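Working through the structure, step by step
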Amino acid sequence: MKLNSFQIKRSLAAGAFFAIISASLVSCGGGGSTSGSDSTSNSNSDDNALIGAGSSFDNPLFSKQFSEYNKTSGLKVNYQSVGSGAGISQLTNKTVDFGASDAPMNGKQDSALTAPAIHIPITAGAVVLSYNLPEVKDTLMLTPSVLADIFLGKITKWNDAQIAAINKGVKLPATGIVIAHRSDGSGTTNIFTTYLAKVSEEWSTKVGKGSAVNWPVGLGGKGNEGVAGSIKQTPGAIGYIELAYAVQNSMPYAKVQNKAGNFITPSIASVTAAANTQIPADSKISLTNTDAADGYPIASFSWVIIYKEQKYNNRSLDRATKLVKLLSWMIHDGQQYSSALTYAPLSAAAVSTGDAILKQATYDGKPILQ
Amino acid sequence: MDTSVENGMVTRSDLPLRVINSTPEAISKAKKRAKRSFRQIRTENVFKKTLMLMGLIMVILVLGILLTLIVQSLPSVKALGPKYLWSKVWDPVQDIYGAWPFLLGTLLSSFLALFISIPFSIAIAIFLGEYHPKGWLPNFLKNTVELIAAVPSVIYGFWGLAVLVPIVRSFESAIGVDPIGVGIFSSSLILAVMIIPYAASLGRSMINMVPSHLKEAAYGLGATRWEVIRSVVLPYTKSGLFAGILLSLGRALGETMAVTMVIGNTSLIPKNIFAPGNTMASVIANEFTEADKPVYLSALIELGLVLFLVTVVINLIGKKIIDRFTNE
């Protein structure tokens, strides 16, 4: 009988345990459906922490900048590296203080916003073409039209006459060209396809530009590491990856001819140079195919996006001021951490444009920065 | 009676008349006994209700997921219509979406993986279930097979990319197809390894459960071991073996990470089993974060819905086959 009552207690306890789990499951389900509208109130609960989300390309730089800024100001920034598109949609849902994106918002994303947003250029990056040609010792050179034809699948052998004509004196092998591209939607793809669409009429009509496109040929790899893996393993492969990734993993990359006709080696300096051009007042410019004579042509800004009117969802003036001050610090003092992490520091033109844009941010109609 | 059970009180009316008329000790003893049995009944009720609640939550969860998928894919269903299923172009730039290449890739890689894995899983099941059920080597083998199921799929992906793909590439150049390495064939090989434990462990426990008098009778009639397996063990366990194979097929259909890393990820229709392709699960994983247009996002969710329905249909067909096996 004693044993019996012990068993009863045990089964009771088990029952209670299951009940607790099921209750928490149910409450999770309930919470999930409403999170879109009311979670900003959560973010307001801690006034000394800001929340951002978006570009994974920016993440290493942001981590460094935010930890340095935390030392001087005590402000915590929680950045979620979820991808540019997801960052923009979180800003649209007003669940974050700022979004970060490798591409300016497109028309459809803009129209989903309930209030106007402003873009602040925060850093610049480049996309390089890495290849696997063990026989070729010199740096490969590419012109825009040849590059487009390679990715359209029209040039299929490395010893093609068009490639040989640019790379005089280089002995090119007869191997087939294997294209490696990103399989995940990404800002890197967006920069690269924007460039190809600018320099090739055929690319623009056949494929177009976007963070994911319908590739005519090639293998998809997930992330920079996936593309880099395909390139390293496959003889005759060529693919596009971020400059920072190629430098850190010492992969070979090609010189690309820019609009002025110069063959430019991608580097921090040539990316900053690409940004030294006429920047429109809203900063929403693609640096691809830049006019700058010594600028690398496949480069792009990365932006932080915030609402122009900062008084929304019961946000305090204090919070808005902290956000704008943080962004101002990032485009000035924060730039010193760029080069060490292989990001291109903003050009002087970009910084002054960024300053002007930050001054447009208002709280209750009044400018935040004086 | 009911009310007194619920509030845990024992009244005089609950006791038999015989006890009420006897000594006070007997009354209190009987009251105690009655109280205990009431408590047991209550526990039983609570436990039964908890079990029912758990089951109900699972049903609600699955229906909720299905409902979410349907509601969220409505924009794409409206925009693209049923031709979504058989059109061959997936072009997010121009908002043209067709699931056919991915449907084909999913089915091709999963069934190919299944065919590769079946000989291994059945052999392991027979070896562990019939030949060597006990001992250190079978135990070691059993644990190893179970470990295969516990390894995270991203590790299979890495291993596939680093080790398997170069081997497949040299194999491909030896037989004269494009030596790319990644593709449907590589992903099927990886999937085959990943799904072996599901069919193997279910098959092993099924074979263990074959009544020994059946086998002993067969041995008594002079059957060899192979004959016993062929005419007693396998016929007795075929529905269980099939259920295990079905379980592994379900796993193969939904596997995402490892497949994404070795399948080559192109939206083109695969020309042969060595060509690169894509599966529904890996397209969703790849493109979900950066789907920047409403129809694009919705088309990806519809892909999830199609995957869900494919899994349901395959499971239903499997159930039918199992029923036929057992009814024979």
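Our structure is the block above this text.
Residues numbered from 1 in each chain as written. Chains lettered and ligands numbered in written order. Predicted model: local features only at pLDDT ≥ 70, side-chain atom pairs only at ≥ 80, totals over all residues. Heavy atoms only, no water.

With that out of the way, let us pick up the overall build of chain A. Along chain A, the regular secondary structure elements total 14 helices and 13 strands. Looking at the 370 residues of chain A, the share that counts as buried comes to 55%. Long-range pairs, those at least 24 residues apart, make up 73% of the contacts in chain A with a sequence separation of at least 6. Split by element, the accessible area of chain A, about 15100 Å² in all, is 55% carbon and sulfur. (Helix = DSSP H or I, 4+ residues; strand = E, 2+ residues; numbered from the N terminus. Buried < 20%, exposed > 50% of the residue type's maximum accessible area, 1.4 Å probe, protein only. Contact = heavy atoms within 4.5 Å. Areas by Shrake-Rupley, 256 points an atom, 1.4 Å probe, with all protein chains shown as cover.)

For chain B, the count of helices and strands is twelve helices and zero strands. Relative to a compact globule of 328 residues, whose C-alpha radius of gyration would be 20 Å, chain B shows 28 Å and is clearly more extended. Across the 328 residues of chain B, 41% fall into the buried class. Across chain B, contacts joining residues at least 24 apart in sequence account for 71% of those joining residues at least 6 apart. Within the structure as shown, chain B displays about 17600 Å² of accessible surface, and the carbon and sulfur contribution to it stands at 70%. Side-chain charges of chain B comprise 29 positive and 20 negative groups, with the mean position of each set lying 13 Å from the other. (Rg over C-alpha atoms; globule rule 2.2 N^0.38 Å. Lys, Arg positive; Asp, Glu negative; His and termini not counted. Charge placed at Lys NZ, Arg CZ, Asp CG, Glu CD.)

Attention shifts here to the interface of chain B and chain A. The interface is formed by 40 residues belonging to chain B together with 42 residues belonging to chain A. Together chain B and chain A conceal approximately 3100 Å² of surface at their shared face, both sides included; 58% is due to carbon and sulfur atoms. On the chain B side of the contact with chain A, V93, E290 and D292 of chain B bury the most area, a combined 18% of that side's loss. The interface formed by chain B and chain A includes zero salt bridges. (Buried area = accessible area lost by both parts, 1.4 Å probe. Salt bridge = Lys/Arg side-chain N within 4 Å of Asp/Glu carboxyl O.)

It is worth spelling out the pattern of salt bridges at this point. Residues and elements named next belong to chain A. For the structure shown, the criterion picks out 15 salt bridges over all chains. Between K311 and D364 there is a salt bridge whose closest N-O contact spans 3.6 Å. With K311 in the loop between strand 11 (299-307) and helix 13 (317-331) and D364 in the loop between strand 12 (362-363) and strand 13 (366-367), this residue pair connects regions lying 53 residues apart in the sequence. Overall, K311 belongs to the partly exposed group, its relative accessible area being 44%.

Pairs of aromatic rings are described using the distance from one ring centre to the other and the angle between the two planes. What the rule picks out here adds up to 22 aromatic pairs over all chains. Pairing F151 of chain A with Y240 of chain A gives two aromatic rings, centres 6.5 Å apart and planes at 55 degrees, and the pair type is tilted. Residue F151 of chain A is found in helix 6 (residues 144-152), and its partner Y240 of chain A is found in strand 8 (residues 237-242); the two are separated by 89 residues along the sequence. Y240 of chain A carries the same exposure label as F151 of chain A, and that label is buried. Each residue in the set F151, F192, W203, W215 and Y240 of chain A is aromatic and connected to the rest through ring pairs, giving one cluster. Just above the ring of Y307 of chain A sits the side chain of K94 of chain A; from NZ or CZ to the centre is 5.3 Å. One residue, R225 of chain B, lies across the ring of Y131 of chain B, its end atom 4.6 Å from the ring centre. (Phe/Tyr/Trp six-rings, centres within 6.5 Å; stacked < 30°, edge-to-face > 60°. Lys NZ or Arg CZ within 6 Å of the ring centre and 35° of its normal.)

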